[in-house]
Amino acid sequence: MSRIRQHVRGSRRLTTTAGVAVTTATLLTMALSPAAHADARPTRATAVQNAASALLAHAASLGLTSAEGTSVRDVIVDKDGTQHVRYDRTYHGLPVLGGDFVVHMAPDGAYRSANRATRSTISLASILPEIPAPKAADLAVNALRAVHLGNTLKQVKAKPELIVDALHGTPKLAWRTNAAGLDSLGNPVARTVLTDARTGHQIDAWDSIETAAGDGTSLYSGTVPLETTQSGSSYQLKDPTRGNTYTGDAEGKTDLCFFGICFSRAPADLFTDADNHWGSGTTSDRSSAAVDAQYGTNMTWDYYKNVQGRNGIAGDGKGSYNRVHYGSSYNNAFWDDSCFCMTYGDGDGTTFGPLVALDVAGHEMTHGVTSKTAALTYSGESGGLNEATSDILGTMVEWYANNPSDPGDYLIGEKIVKPGFGHTALRYMDKPSKDGNSADYWSSSVGNLDVHYSSGVANHFAYLLAEGSGPKTINGVSYDSPTYNGSTVTGIGRDKVGKIWYRALTVYMTSSTNYAGARTATLNAAKDLYGAGSTEYNAVAAAWSAVNVN
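Residues numbered from 1 in each chain as written. Predicted model: local features only at pLDDT ≥ 70, side-chain atom pairs only at ≥ 80, totals over all residues. Heavy atoms only, no water.

**Student:** How should I be thinking about the overall build of the protein in this particular structure?
**Tutor:** A count of helical and extended segments in the protein gives 11 helices and 28 strands. In summary, the protein has a C-alpha radius of gyration of 23 Å against a globular reference of 24 Å for 550 residues, a match within 12%. For the C-alpha atoms alone, the extent of the protein along its principal axes is close to 65 × 55 × 55 Å. The proportion of buried residues among the 550 residues of the protein is 59%. Only carbon and sulfur atoms are counted for the fraction: they give 50% of the accessible area of the protein, which is about 20100 Å². (Helix = DSSP H or I, 4+ residues; strand = E, 2+ residues; numbered from the N terminus. Rg over C-alpha atoms; globule rule 2.2 N^0.38 Å. Buried < 20%, exposed > 50% of the residue type's maximum accessible area, 1.4 Å probe, protein only. Areas by Shrake-Rupley, 256 points an atom, 1.4 Å probe, with all protein chains shown as cover.)

Have a look at this one:
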């Protein structure tokens, strides 16, 4: 593949994290829920009850009608009791792309405001498609083959789902079709295609597999501590302190999955060891890559828990698992929501080595966090923000780990690239255009770029906000970050950047957030954390202006 980038696999659909469904019609029969006691922090259940009351009282401003249903996707309760409940929307039972919204409430449960992905009123004459499902499937398969010209695809299948598209202009009936298959090497390829259900015209399309460039002795991070599980006289590479996360060997095999249904899975044979000293730091020992993968999972878990207060990728305390040695010379790594797992290829040895570096792990697992929160659509400007979120917070994981063998930097994937790649890293946050493709600044056409390149605008913003503009050397790496408007930006430090971006992602961003919306979301986050008019708030505004987002 020509764009080797970190990715999420097969998780573009809107999912819910709580089994709560509320329709306007139902709300009309519900009594208003009591506000939380002023002296007690509201529980998740209380927040959901308060939000349900808010939906009843503010249905019109939220665009809710008797034809629409809602389901809770995520709930955040701040330390001061402020509540944020994120919803997905349906229309006559059909999922609404761009129908998501977040309701914000005061500590006493009183409604404050809401963020909506789109504000269009949904009113369709019919929910019966004129383009039949088989035709939508054929169109999606053709679209998948078109982006893999010259590569004979095998076992290609497509599964259409009828939805309402409110994300691309006037709401319309559409087919969201996931087309998937295997390339000539047996590696998975997939594309989600959005088709107008009345005309058959393609509305949008994006990769469902977002390509990635992808005590034990690791390949990249030196000797690291590991929590393992004793089983009889041996040890398992399974961490009981982090939700039972574990790492297994895929044995060079690949998955055969279509639309979240797997007919066969590459294995994840749990690594075991006799003396609890894992790996040798060389690729000849298969457990060396496993050490890197497990360590990356541990550091990502710890960053989100200790810094952001998030207990696991989904926020539910459950661990994921890793598969290493996936496929044959596989130049990718990916997060897969359907198995709640990370998968790493070994690389071809010329372009990439094993894709188990720390920042790759942080990047990929952050895609899992995004899918459980803002679910940024993987196309246009929101797709660039999706990728940038993983770069920004994956970088924060690397800095958090404070590992002398892989010190923190603002380079993405610098450990895994080989001379055949042609650059010293996958991406450069201080000046994204150094990779030859990424955008340093916003323009009206940036949304037309591949999402791995449009992400450069947010990456550049994050670097400027953390470290400021101009030349400097940090941890032995030289940077020289320019600004669009010739301004001098003073950084506020990476820790505050991570806090601001995470809050913006989990509280204010929605599936349709674009760069202008990201500016607003991060300013709101900075105001929440540090106060309106604070140094941090003003720095956020200055850093966005420095990348031409005004």
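**Student:** Would you take a moment to explain the pattern of salt bridges for this structure?
**Tutor:** According to the stated counting rule, one finds 18 salt bridges in the structure shown. The closest approach of N and O atoms between Lys 253 and Glu 251, which form a salt bridge, is 3.8 Å. Judged by relative accessible area, Lys 253 falls into the partly exposed class, the value being 45%. Asp 255 is the salt-bridge partner of Arg 265, the closest N and O atoms lying 3.1 Å from each other. Note that Arg 265 is positioned in the loop between β19 (261-264) and β20 (269-270) and Asp 255 in the loop between β17 (245-249) and β18 (256-258), a separation of 10 residues in sequence. (Salt bridge = Lys/Arg side-chain N within 4 Å of Asp/Glu carboxyl O.)

**Student:** Looking at this structure, how should I read the state of the cysteines?
**Tutor:** Throughout this description, disulfide means a covalent bond between two cysteine sulfur atoms. Taken as a whole and judged by the stated rule, the model has 1 disulfide. What pairs with Cys 339 in a disulfide is Cys 341, and their sulfur atoms sit 1.8 Å apart. For the disulfide bridge between Cys 339 and Cys 341, the dihedral angle about the S-S bond is near -60°, and by the sign convention the bridge is left-handed. No difference in accessibility class separates Cys 339 from Cys 341, as the two residues are buried. (Disulfide = S-S within 2.5 Å.)

**Student:** Help me understand the environment of Gly 498, please; the structure alone is not making it clear to me.
**Tutor:** In this structure, Gly 498 sits in helix α9 (residues 494-508). Gly 498 has contacts with Tyr 303, Gln 308, Leu 393 and Met 396, leaving out every residue within four places of it along the chain. (Contact = heavy atoms within 4.5 Å.)

**Student:** Quick question: what am I supposed to make of the nonpolar core here?
**Tutor:** One recurring pattern in soluble globular proteins: nonpolar side chains tend to sit buried together. By size, the foremost hydrophobic cluster in this structure holds 89 residues, and its most contacted members are Tyr 344, Ile 416, Phe 461, Trp 501, Met 509 and Trp 544. Apart from residues no more than four positions distant in its own chain, Met 509 is found in contact with Arg 86, Val 102, Ala 374, Leu 376, Trp 501, Ala 504, Ala 518 and Ala 521. Within the second largest apolar cluster, 16 residues are counted, among which are Ala 59, Leu 64, Val 75 and Val 77. (Core = buried A, V, L, I, M, F, W, Y, C linked by side-chain atoms within 4.5 Å.)

**Student:** For this particular structure, what's the right way to read the confidence of the model for the protein?
**Tutor:** It should be kept in mind that the predicted coordinates are not to be read in detail where pLDDT is low. Taken as a whole, the protein shows an average pLDDT of 89; of its residues, 91% reach a score of 70 or greater. Between residues 1-39, whose pLDDT stays under 50, and residues either more than four places distant or in other chains, the model counts 134 contacts. Below a pLDDT of 50 lies the segment residues 210-214, which in the model reaches 39 contacts outside its immediate sequence neighbourhood of four places, other chains included. (pLDDT = per-residue confidence, 0-100.)

**Student:** I keep staring at the side chain of Asp 359 and nothing clicks. Help me out?
**Tutor:** One can find Asp 359 in helix α5 (residues 358-372). Arg 427 provides the closest opposite charge to the buried, salt-bridge-free Asp 359, at an N-O distance of 8.2 Å. Excluding residues within four positions of it along the chain, Asp 359 makes contact with Gly 394, Glu 398, Leu 411, Ile 412, Gly 413 and Glu 414. (Lys, Arg positive; Asp, Glu negative; His and termini not counted.)

**Student:** What exactly am I supposed to notice about the sheet that holds strand β15 (residues 234-236) here?
**Tutor:** The strands that make up a sheet pair up through hydrogen bonds in the backbone, lying either parallel or antiparallel. Here 3 strands make up an open sheet; going across it, the order is β14-β15-β21 and the pairing antiparallel. Each of the sheet's edge strands pairs with one partner strand only, and the pair in question is β14 (229-231) and β21 (272-273). Sheet topology places β14 next to β15; 3 bridges connect them, and they run antiparallel. In the strand pairing of β15, Thr 229 is matched with Gln 236. (Pairing = 2+ DSSP bridges.)

**Student:** How do you make sense of the pairing of strand β8 (residues 154-165) when you look at a structure like this?
**Tutor:** In the case of a regular strand, side chains alternate between the two sheet surfaces. When strand β5 (residues 94-97) meets β8, the two strands line up parallel, connected through 2 bridges. Note on β8: the bridge partner recorded for Leu 97 is Asp 165. Pairing analysis gives 10 bridges linking β8 to strand β9 (residues 172-182), with the strands arranged antiparallel. Counterpart to Lys 154 in the pairing with β9 is Leu 182. Between the antiparallel neighbours β8 and β9 lie 6 residues, among them Gly 169 with a positive phi of about 85°.

**Student:** Could you clarify how one ought to interpret unusual backbone geometry in this entry?
**Tutor:** It is generally the case that most residues other than glycine have a negative phi and that most peptide bonds are trans. The phi dihedral of Glu 251 is positive, around 60°, even though this residue is not glycine. Of the residues examined, Glu 251 reaches a relative accessible area of 39% and is grouped as partly exposed. Unlike most non-glycine residues, Phe 340 shows phi in positive territory, near 50°. In this fold, Phe 340 is placed in the loop between β23 (333-336) and β24 (341-345). Owing to a relative accessible area of 18%, Phe 340 belongs among the buried residues under this scheme.

**Student:** What is the right way to read α5 from this model?
**Tutor:** The α-helix advances 3.6 residues per turn, and as a result positions three or four apart in sequence lie on the same side. Between its first and last C-alpha atoms α5 spans 22 Å; for 15 residues at 1.5 Å apiece the expected length is 21 Å, and the two agree. When you tally the buried positions in α5, you get 15 out of 15 residues, the bulk of the element. (Expected span 1.5 Å × (residues − 1).)

**Student:** Sorry if this is basic, but what is going on with the pairing of β23 here?
**Tutor:** Residues Ala 333 and Trp 335 point to one face of β23 and Phe 334 and Asp 336 to the other, with burial holding for every one of them. Examined bridge by bridge, β23 and β24 share 4 bridges and lie antiparallel to one another. Of the residues in β24, the one forming a bridge with Asp 336 is Cys 341. Linking β23 back to β24 in an antiparallel pair, the connection comprises 4 residues, with Phe 340 at a positive phi of about 50°.

**Student:** Would you mind going over helix α2 (residues 44-57) with me for this structure?
**Tutor:** Along its 14 residues, α2 runs 20 Å from first to last C-alpha, staying within 8% of the 20 Å computed at 1.5 Å per residue. Every buried residue of α2 is accounted for by Thr 46, Ala 47, Val 48, Asn 50, Ala 51, Ala 52, Ser 53, Ala 54 and Leu 55.

**Student:** Honestly, the environment of Gly 222 in this entry has me stumped. Any pointers?
**Tutor:** As for its placement among the helices and strands, Gly 222 is situated in the loop between β12 (216-217) and β13 (223-224). Judged by its relative accessible area of 21%, Gly 222 is partly exposed. Here the alpha-carbon distance between Gly 222 and Cys 341, two residues 119 residues apart in the chain, equals 24 Å. Other than its neighbours up to four places away in sequence, Gly 222 contacts Gly 216, Thr 217 and Ser 405.

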